[in-house]
Amino acid sequence: MTGGPDAVLVMGEALIDLVPAPAAGETAATTDLRRAQPGGAPANVAVALARLGRAVSFAGALGGDGFARTIEARLKSAGVGLALTAHSAQPTALAVADPGKDGTGYHFHLQDTATFRLPERTAEVSRFGAVYVGGLAAVVAPAAEAVAATARAAAGRTLLVVDPNVRQDRTLGPDHGHARLRELCALAHVVKASDEDLAGLWPDTDPDTTCRRLAAEGRLVVLTRGAHGSTAYTASGPPLSVPAAPVDVVNTIGAGDAFTAAVLSRLTELGAHRAEAVATLAPEQVRAMLTFAAQVAASVCGHAGTEPSLPLGAQG
């Protein structure tokens, strides 16, 4: 049976990232060569949760091409449950990555793909201890309506975790889906967002102020700031920050998703996904959670690809 009191349902897209791949003697900035690697924030979160030893099911959609078979193999090899994954004969969506010193930008090829033809999962959410939504599926039709319906159902029956994962691209409409993402944040029990995400969603408000407001309404809010570390906000105490884990950065793609998965993994380990306990975590639990998540994110940054590893001596 799919689900369980400590299992996580991850809903969203699994797609292909096209990432600069330097040829011999070249750098990523001077070559047009690209390598294809499985990606999509929700798929990355699902794989990371499975790698960390958590029971997880992926509610996405896969196409009928070779890219979809590569994605499916990745999910299966990690141990992600696919009973709630839809299938279509259409092709897989592509995200062309543009890494830079301030992060990675993307250009998307999304129309007429299988990736966003996923059904709502309102009837299934109560079978899971937590439900994660986010990524492009939250803002791209026809998936956006299914994600919103599922999130509304999850908000009243289980722990809803939202990562708005704001993207700026002309294919996402005039407001880049910001209104939909703000709705999801309002529904969530846990919001994990970067400072750039919050600046995009609430441009007239400092991210710290936004986090305090969201937390005051009973949420756990986790703010990430890249190399500057992370901060957790709750309604029951002052914000608590930890530094980023030291690492020689090779890649940043997927690091934020690994961080999110580690937070969710630690919450389920603590049992904090039950009885609305996320808003009343003890400071030492919050600090340990952020430290663990920083280490998992660093494990992605230290090599090419998006696969995290469990920090030495840590328990997921």
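The rules behind each value
- Residues numbered from 1 in each chain as written.
- Predicted model: local features only at pLDDT ≥ 70, side-chain atom pairs only at ≥ 80, totals over all residues.
- Heavy atoms only, no water.
- Pairing = 2+ DSSP bridges.
- Helix = DSSP H or I, 4+ residues; strand = E, 2+ residues; numbered from the N terminus.
- Axes fitted to C-alpha atoms, helices over the stretch in contact; angles between N-to-C directions.
- Parallel < 35°, antiparallel > 145°, perpendicular 65-115°, else oblique.
- Left-handed = near helix turned anticlockwise from the far one by under 90°.
- Contact = heavy atoms within 4.5 Å.
- Nonpolar A, V, L, I, M, F, W, Y, C, P; charged D, E, K, R; others polar.
- Buried < 20%, exposed > 50% of the residue type's maximum accessible area, 1.4 Å probe, protein only.
- Phe/Tyr/Trp six-rings, centres within 6.5 Å; stacked < 30°, edge-to-face > 60°.
- Lys NZ or Arg CZ within 6 Å of the ring centre and 35° of its normal.
- Expected span 1.5 Å × (residues − 1).
- Core = buried A, V, L, I, M, F, W, Y, C linked by side-chain atoms within 4.5 Å.
- Arc of directions from axis to C-beta.
- Polar contact = N/O pair within 3.5 Å; in protein donor to acceptor, adjacent residues only side chain to side chain.

Engineer: Help me out: how do you make sense of the sheet that holds strand β4 (residues 56-59) in this one?
Structural biologist: Sheet architecture is open: eight strands sit in the order β4-β1-β9-β10-β11-β12-β13-β14, paired in mixed fashion. One side of each edge strand has no neighbouring strand; the edge strands of this open sheet are β4 and β14 (240-242). Averaged over all pairs of adjacent strands, the angle between their axes in this sheet comes to 20°, without regard to strand direction. Direction of pairing for strand β11 (residues 190-194) relative to strand β12 (residues 220-224): parallel, over a ladder of five bridges. Bridge pairing links Ala-193 to Leu-223 in β12.

Engineer: Is there a simple way to think about the packing of helix α1 (residues 41-51) against helix α7 (residues 255-270) in this case?
Structural biologist: Packed helices, taken two at a time, are described by the angle their axes make and the gap between the axes. At a closest axis distance of 8 Å, the pairing of α1 and α7 adopts a crossing angle of 50°. For the element pair α1 / α7, the angle class is oblique. For the crossing formed where α1 meets α7, the hand is right-handed. Each of Ala-41, Asn-44, Val-45, Ala-48 and Leu-49 in α1 lies in contact with α7, whose residues at this interface are Asp-257, Ala-258, Thr-260, Ala-261, Leu-264 and Ser-265. Residue composition of the contact of α1 with α7, by class: seven nonpolar, three polar and one charged.

Engineer: Teacher, can you tell me more about the pairing of β4 here?
Structural biologist: When a strand is regular, its side chains alternate between the sheet's two faces. Neither face of β4 is exposed, since Val-56 and Phe-58 on one face and Ser-57 and Ala-59 on the opposite face are all buried. Two elements, strand β1 (residues 4-11) and β4, share four bridges in a ladder whose sense is parallel. Its bridge partner lying in β4, Leu-9 is registered against Ser-57.

Engineer: Looking at this model, I keep getting lost on the packing of aromatic side chains. Mind explaining?
Structural biologist: Within a pair of aromatic rings, the relevant descriptors are the distance that separates the centres and the angle that separates the planes. According to the stated counting rule, one finds zero aromatic pairs in the structure shown. Lying over the aromatic face of Trp-202, Arg-213 brings its terminal NZ or CZ to 5.1 Å of the ring centre.

Engineer: Would you mind showing me how to read helix α3 (residues 143-155) here?
Structural biologist: With 13 residues, α3 extends 18 Å between its outermost C-alpha atoms, agreeing within 8% with the 18 Å of an ideal straight helix rising 1.5 Å per residue. Taken as a whole, α3 has its buried residues at Ala-143, Ala-144, Ala-146, Val-147, Ala-148, Ala-149, Thr-150, Ala-151, Ala-153 and Ala-154. Against the buried residues of α3 lie β1, β9 (128-134), β10 (159-163) and α4 (178-187).

Engineer: How do you make sense of the nonpolar core when you look at a structure like this?
Structural biologist: Looking at soluble globular proteins, one finds that nonpolar side chains tend to be buried together. The biggest cluster of nonpolar side chains holds 54 residues, and the ones touching the most others in it are Val-10, Phe-58, Val-80, Leu-220, Leu-267 and Leu-290. Residue contacts for Val-10: discarding those within four places in its chain leaves Pro-42, Val-45, Ala-46, Leu-49, Val-56, Ser-57, Phe-58, Ala-59 and Tyr-132. Ranked by size, the runner-up nonpolar core spans 51 residues in total, among them Ala-97, Val-166, Cys-185 and Leu-214.

Engineer: Before we go on, may I ask you to explain the environment of Val-80 in this structure?
Structural biologist: Here Val-80 shows up in the loop between α2 (66-78) and β6 (86-87). A C-alpha to C-alpha distance of 6.7 Å links Val-80 and Phe-58, two positions 22 residues apart in sequence. If we skip the residues at most four places from it in the chain, Val-80 touches Ala-46, Val-47, Ala-50, Val-56, Ser-57, Phe-58 and Leu-75.

Engineer: Can you help me understand helix α6 (residues 207-216) in this one?
Structural biologist: For an α-helix, the turn length of 3.6 residues means that residues three or four places apart are oriented alike. Three or more residues of α6 are buried, namely Pro-207, Thr-210, Cys-211, Leu-214 and Ala-215. Relative to the axis of α6, the buried residues are bounded by an arc of 130° and lie together on one face. Contacts made by the buried residues of α6 are with α5 (195-201), β12 and β13 (230-233). If you check the start of α6, you find a side-chain oxygen 2.9 Å away from the backbone N of Asp-208, and it comes from Asp-206. Gly-218, located one to two residues past α6, shows a positive phi value of around 105°.

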